[in-house]
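# What the coordinates show
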Amino acid sequence: MRDTVKESEWEILDPWWTTFANRTMPHGISVRNTVLNTARLAQVWRELDAWWDVYTETGHETAIAIRDLIEASNERWATGRGPFNTDPLATDVATERSLLGPLQPTNELQWSYWLAELLRVPAFAERVFGRTFSDEHIRVAREESYDRENTDGSRRADIVLRQSGIGASIEVKLLDTNYRKTAETAGLVEDDAPHLEWSHSLVLPKSQRGALVAGVDVPIEPVDCGFEYLMWDKSQPVQVIYWRDITTAARQLLRDGLIKDDQWNAAAYLFCGLVEQRLLNFQPLPVIQRMADAERVTDTTRPIQLGATLDEQLTHLKLTVDT
């Protein structure tokens with residue numbers, strides 16, 4: 001955080017902190033019950049004001065940029081060919097008051113099941129994986145079990161797609177960082193149906209990429225199409241896909257009205273809103289508006305607390321609004 005604030009402002013803050021920290025506390029009186037001598041510290045507080053303005057400025061500007069992008073996105077959705085008139089982040093669908101309303105997945109398995117249903121539509125699967133499927137619906141299996149050799153155990157593939165001589169397995173992750181079993185599961189899937197042309201994918205939050213790099217013993221290599229691959233020798237390379245890439249694919253199809261299936265559209269639209277708000281912690285427009293037009297300290301400091309997430313949300317929206 002210090003890198004985002006001018007060094008001179010930190011020099012202003014230092015004497016204030018020294019004054020506060022060096023105050024002698026009478027025995028038995030806690031810091032939280034101590035009243036500062038406002039007259040004595042008035043000058044220091046005035047100097048602190050400038051630091052506070054710089055401290056809050058970055059997050060506040062990001063919130064304004066996100067607000068403007070969501071509003072611009074709303075305009076594109078309203079004039080697009082899709083069935084919805086607003087961006088999936090226009091409404092707060094992930095707060096506690098919504099828990100009695102639409103479906104609210106609570107664990108990795110439930111998110112995996114929802115994604116599996118959406119992947120039955122070839123156009124969506126093509127956008128997610130960057131490979132071609134035929135127009136016929138994709139056969140989808142969930143939690144398919146495969147026996148391990150020379151052991152009584154087995155591995156389960158979260159999602160397995162099959163269609164016209166090709167197959168794809170998908171490992172779905174949220175906070176679980178046990179990535180090493182992905183390669184073994186992919187190999188078992190291939191061995192079970194060697195006549196199919198297989199591809200494999202690992203879905204996880206972008207914030208978990210560091211844990212992925214630390215948790216596997218193979219390189220992650222980018223390819224020309226923009227995807228990254230884990231180069232295991234137990235199976236075909238495993239494609240790395242982030243949750244925000246999945247919602248980007250769904251957003252493009254929804255906004256442009258490219259899928260003429262009302263049930264899929266409704267499920268995909270709610271899926272986008274919930275993934276972005278619940279899994280990625282992206283903030284919906286009502287929250288962003290409060291940050292951008294902050295009148296309370298809590299609204300002013302909120303962008304600071306969400307700094308990295310807001311930066312990611314801004315990048316995500318720029319990509320989806322501009323394409």
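The residue numbers shown here count from 1 along each chain, following its written sequence. A pLDDT threshold of at least 70 governs which residues receive local features in this predicted model, and a stricter bar of 80 or more applies before side-chain atom pairs are shown or counted, although totals over entire chains, interfaces and linings include all residues. Hydrogens and water are ignored here; the side-chain numbers use all heavy atoms of the structure.

Under the DSSP-based scheme used, a helix requires at least four consecutive residues in state H or I and a strand at least two consecutive residues in state E, with every element numbered from the N terminus. The helix and strand inventory of the protein stands at eleven helices and seven strands. When each of the 323 residues of the protein is scored for burial, the buried share is 46%. Residue contacts are defined here by distance: any two heavy atoms, one from each residue, within 4.5 Å place the two residues in contact. Across the protein, the fraction of contacts at a sequence separation of at least 24, relative to all contacts at a separation of at least 6, is 65%. Carbon and sulfur atoms provide 49% of the accessible area of the protein, an area that totals close to 17100 Å². Working definition: with a 1.4 Å probe on protein chains only, accessible area under 20% of the residue-type maximum means buried, over 50% means exposed, and in between means partly exposed. Computed with the Shrake-Rupley method and a 1.4 Å probe, the accessible areas treat only the protein chains shown as cover for residues.

Here, any two strands with at least 2 DSSP bridges between them count as paired. Strand order in the open sheet formed by seven strands is S1-S2-S3-S4-S7-S6-S5, and the pairing between neighbours is mixed. Looking at the sheet topology across the chains shown, the edges are occupied by strand S1 (139-147) and strand S5 (220-222). This sheet shows a mean twist of 35° between the axes of neighbouring strands, independent of strand direction. Bridging between strand S2 (residues 154-163) and strand S3 (residues 166-172) involves five bridges; their strand directions are antiparallel. Across the sheet, the residue bridging to Ile 159 is Ile 170, located in S3. Across the sheet, helix H5 (residues 181-192) lies against S1, S2, S3, strand S4 (197-204) and strand S7 (238-242), angled at about 55° from S2, the strand it touches most. Fitted lines through C-alpha atoms give the axes, limited to the stretch in contact for helices. The angle between two N-to-C directions lies from 0 to 180 degrees.

Across the protein, the average pLDDT comes to 81, with 75% of residues at or above 70. The least confident element of the protein is helix H1 (residues 7-21), whose mean pLDDT is 56; the most confident is helix H3 (residues 108-118), at 96. What pLDDT reports is the predictor's confidence in each residue, on a scale of 0 through 100. The low-confidence segment residues 23-34 (pLDDT under 50) makes nine contacts with residues lying over four places distant or belonging to another chain.

With that settled, consider empty space enclosed by the protein. Each cavity reported here is a set of points on a 1 Å grid over the protein atoms alone in which a 1.4 Å probe fits but cannot get out, each pocket an open set with protein on both sides within 12 Å along at least five of seven lines, and each lining residue one with an atom within 4 Å of a point. Grid points are joined across faces, edges and corners, and a volume is the space filled by probe spheres set on the points. The full count for this structure, using the stated rule, is two cavities of 30 Å³ or more. Roughly 70 Å³ of internal volume is contained in the largest cavity. Ala 157, Asp 158, Ile 159, Ser 169, Ile 170, Glu 171, Thr 182, Thr 185, Ala 186, His 200, Ser 201 and Val 238 are the residues that line the largest cavity. Mapped onto the lining of the largest cavity, the elements with two or more residues apiece are S2, S3, H5 and S4. Gly is placed with the polar residues, together with every amino acid not listed as nonpolar (Ala, Val, Leu, Ile, Met, Phe, Trp, Tyr, Cys and Pro) or charged (Asp, Glu, Lys and Arg). Here the residues of the lining of the largest cavity are counted per class, giving five nonpolar, five polar and two charged. For the second largest cavity, the full set of lining residues is Ser 73, Trp 77, Arg 251, Arg 255, Thr 320 and Val 321. Breaking the lining of the second largest cavity down by element, the ones donating at least two residues are helix H2 (38-79), helix H7 (243-255) and helix H11 (307-322).

The subject of this paragraph is the pattern of salt bridges. Charged atoms that come close allow side chains of opposite charge to pair. Here, a salt bridge means any Lys or Arg side-chain nitrogen found within 4 Å of an Asp or Glu carboxyl oxygen. Applying the stated criterion across every chain yields a total of 14 salt bridges. As a salt-bridge pair, Lys 173 and Glu 171 come within 3.7 Å of each other at their nearest N and O atoms. In this structure, Arg 251 and Glu 276 form a salt bridge, with 2.8 Å as the shortest nitrogen-oxygen distance. With Arg 251 in helix H7 and Glu 276 in helix H8 (residues 262-279), this pair connects stretches of sequence that are 25 residues apart. Accessibility assignment for this pair places Arg 251 and Glu 276 in one class, buried.

Turning next to H3. Residues of H3 that are buried: Trp 111, Ser 112, Trp 114, Leu 115, Ala 116 and Leu 118. Here the buried face of H3 lies against helix H4 (122-129), S1, S2, S3, H7 and H8. A distance of 3.1 Å separates the backbone nitrogen of Leu 109 from a side-chain oxygen at the start of H3, and that oxygen is part of Asn 107. Whenever a nitrogen or oxygen atom comes within 3.5 Å of another N or O atom, the pair is scored as a polar contact, on the condition that within protein one atom can donate a hydrogen and the other can accept it, and that pairs from neighbouring residues in sequence are kept only if both atoms are in side chains.

The next subject is the nonpolar core. By convention a nonpolar core is built from buried Ala, Val, Leu, Ile, Met, Phe, Trp, Tyr and Cys residues, the set being connected through side-chain atoms within 4.5 Å. If you look at the biggest cluster of nonpolar residues, it comprises 57 residues, and the most contacted ones within it are Leu 119, Phe 124 and Trp 243. In terms of residue count, H8 provides more of this core than any other element does, seven residues in total. Beyond its immediate sequence surroundings of up to four residues, Trp 243 is in contact with Trp 111, Leu 115, Val 172, Lys 173, Leu 174, Val 203, Leu 204, Pro 205, Phe 271, Val 275, Leu 279 and Leu 280. In this structure, Leu 202, Leu 212, Val 238 and Tyr 242 belong to the second largest nonpolar core, which totals 13 residues.

Topologically, Glu 190 is positioned in helix H5. We treat Lys and Arg as the positive residues and Asp and Glu as the negative residues; His and chain ends play no part in the count. Buried charged residue Glu 190 carries no salt bridge. Nearest counter-charge: Arg 131, at 9.6 Å. A distance of 2.9 Å separates a polar atom in the side chain of Glu 190 from the backbone nitrogen of Gln 236. Apart from residues no more than four positions distant in its own chain, Glu 190 is found in contact with Trp 198, His 200, Ser 235 and Gln 236.

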